[in-house]
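Chain residues, written in single-letter form:
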Amino acid sequence: MKWLKAGAPESDVVVSTRIRLARNITDVPFPARMTAPNDAEKVHRLAKESLLKASDFRYFRLSDMSELEKRVLVEENVISADLLRSRFGGLISNSDQSVSVMLIEEDHYRLQSLASGLDIYKAYDEADRLDNLLSEGVQYAFDEKLGFLTSCPTNVGTGLRASVMLHLPALTAAKALPRITSMIGKVGMTVRGAFGEGSAALGAFYQISNQITLGVSESEILSRLLSMANKVINFERGTRKELYSSLGIALEDRIWRAVGVLKYARRIGDAEAQKLLSDVAFGVSLGIVEGITSGELYEVMMNTRPAIIAQRDGHINPAERDAARAEIIKKVLTKEGR
Amino acid sequence: MLCDNCLKNNATVHMTTFVNGQVKTVHLCAQCASQKKTAVVMPWFSFNDFMSTFYAETADNQQCEVCGTTLESFKKDGKLGCANCYKVFEDSILPAIKGIHMSVAHTGKHPGERVEPNKKEREEDDRQSLKERLKTALKEAVAVENFEEAARLRDEIALLEKGE
């Protein structure tokens, strides 16, 4: 995963920040009703003409990519799983994939900007520049009253979906998530588990994002999300300390067990690794484990997802993949002085 | 279709999940689905059903002349077909939009407009950090008795403070 870097702002709690903008061309049917390949070509061509002049960008047609390549992009959070179902899907991205445009997903264009840690304004700034670059060559579907028109009315207006991925092991352990979720729901935002099946949040990773996109300006959406994220970050930090002072050695035991398994296991599955790396990151933030940062742990967690390992090492069967994962994690955890 | 779990009853609940990079679709009967602890999408209660409570009652046979979308199809999948649909179905979808966003008036950016949300704060941060750097440089200049440089730095700091 090229865009995720250790040492980012608030990385003891925040993994990453993402901005998405939904945009459409004014005189072409939206993807759900798009039947003519010519229309799809036009969507691709206009984006290429506007964006490829910025030298760092590259264009990909999804139908030209292998299944594995596509799954890697999904695991890296560069594209959505929905894009895989698009007949005419495409991608334009910069070299570290921090800035990209999905072509013909739910909308003609889904612009995306990713940043490590809590960096809402920087991520938005990149997306805004990209948006304006694209609009030089594309006549957007825009209405004075309703703003940017989107395939689904849930995105109309700014078309902006801003989200932060948080690591909340203490609030999860304190069973505080339902309360926080309902609180956040009251102010036009939503919380959901970042990994795992359905509503179960694997490794205590959650995503907070805005729900309302119309009637509020971009600045308002971003500043509200930022203050909400800061509030949750402070809750989490406070709860971590409280848990440690009340649980003491019991908590240390759980964390050192996680370190032990990660250091010595010869095979480890994705879900187990995620859960244990989450525990170790928790321990790092409390000063129990030293010599590694939370950011480095998130990095290794993201870089040991199944398709990413398969692409790197060519391990196709799950047992080989689990062995490769254990090897990578062991190296990171046993580096000198630890 | 039979339930994937019990292989006895008819499957009425269909769940698509994305786990470990793989798309999986599970078909279950209502009974097995209720025993599964994961979030289940009930076929009789979708987001679009939910939103349709906001839709104004108009004739479903209304159709967009550009893309052929009908109001009925919008009610089914919650998706509009093209920019023109917003005009054609305006009366029906405005209440829905209001229901979702509590507003029907865009107050954000226009195409091509540059949005710099915290420009003021960022400039302030830059000014503060510049001041800190100058103050450190001033101390260093005084320490090595470079008074000409120190005087220049002092004036620069004074100028910055005046601007605040």
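Look a little higher up for the structure.
Conventions adopted
- Residues numbered from 1 in each chain as written.
- Chains lettered and ligands numbered in written order.
- Predicted model: local features only at pLDDT ≥ 70, side-chain atom pairs only at ≥ 80, totals over all residues.
- Heavy atoms only, no water.
- Helix = DSSP H or I, 4+ residues; strand = E, 2+ residues; numbered from the N terminus.
- Rg over C-alpha atoms; globule rule 2.2 N^0.38 Å.
- Contact = heavy atoms within 4.5 Å.
- Areas by Shrake-Rupley, 256 points an atom, 1.4 Å probe, with all protein chains shown as cover.
- Lys, Arg positive; Asp, Glu negative; His and termini not counted.
- Charge placed at Lys NZ, Arg CZ, Asp CG, Glu CD.
- Expected span 1.5 Å × (residues − 1).
- Buried < 20%, exposed > 50% of the residue type's maximum accessible area, 1.4 Å probe, protein only.
- Buried area = accessible area lost by both parts, 1.4 Å probe.
- Salt bridge = Lys/Arg side-chain N within 4 Å of Asp/Glu carboxyl O.
- Polar contact = N/O pair within 3.5 Å; in protein donor to acceptor, adjacent residues only side chain to side chain.

> Would you explain the overall build of chain A in this entry?
For chain A, the count of helices and strands is twelve helices and ten strands. Over its C-alpha atoms chain A spans a radius of gyration of 21 Å, differing by no more than 12% from the 20 Å that the globule rule assigns to 338 residues. With respect to the three principal axes, the spread of C-alpha positions in chain A is 65 × 45 × 35 Å. Taking the contacts inside chain A whose residues are at least 6 apart along the sequence as the reference set, 70% of them involve residues at least 24 apart. Accessible surface, chain A as shown: approximately 13,400 Å² in total, 50% of it carbon and sulfur. Counting 44 positive and 43 negative side-chain charges, chain A places the averaged centre of each group 3 Å from the other.

> I keep staring at helix H7 (residues 218–247) of chain A and nothing clicks. Help me out?
Helical periodicity: at 3.6 residues per turn, an α-helix aligns residues three or four positions apart in one direction. Residue and element names in this part refer to chain A. Over its 30 residues, H7 runs 42 Å from end to end, which matches the ideal 44 Å to within 8%, given 1.5 Å per residue. Within H7, the full set of buried residues consists of Glu218, Ile221, Leu222, Leu225, Met228, Ala229, Val232, Ile233, Glu236, Thr239, Arg240 and Leu243. Glycine 248, located one to two residues past H7, shows a positive phi value of around 50 degrees.

> Please clarify how the interface of chain A and chain B should be interpreted in this entry.
By a widely used convention, the size of an interface equals the accessible area lost when the partners come together. With 56 residues of chain A at the interface, the matching set in chain B holds 43 residues. Roughly 4,100 Å² of surface becomes buried between chain A and chain B when both sides are summed, with 59% attributable to carbon and sulfur atoms. The interface formed by chain A and chain B contains seven salt bridges. Here aspartate 128 of chain A makes a salt bridge to arginine 114 of chain B, at a shortest N to O gap of 2.7 Å. At the surface where chain A touches chain B, the tally comes to 24 residue pairs in polar contact (both at pLDDT 80 or more). Every element with two or more residues in the side of chain A that touches chain B is listed here: helix H2 (67–75), helix H4 (120–135), strand S6 (142–143), strand S7 (147–148) and H7 of chain A.

> Explanation requested: unusual backbone geometry in the structure shown.
A negative phi angle is the norm for most residues apart from glycine, just as the trans form is the norm for most peptide bonds. Residue and element names in this part refer to chain A. Positive phi is not limited to glycine here, since asparagine 77 has a value of about 65 degrees. By secondary structure assignment, the location of asparagine 77 is in the loop between H2 and helix H3 (81–84). The backbone phi angle of glutamine 97 is positive, close to 65 degrees, even though this residue is not glycine. Mapping glutamine 97 onto the fold places it in the loop between strand S3 (90–93) and strand S4 (99–103).

Geometry only, nothing functional implied.
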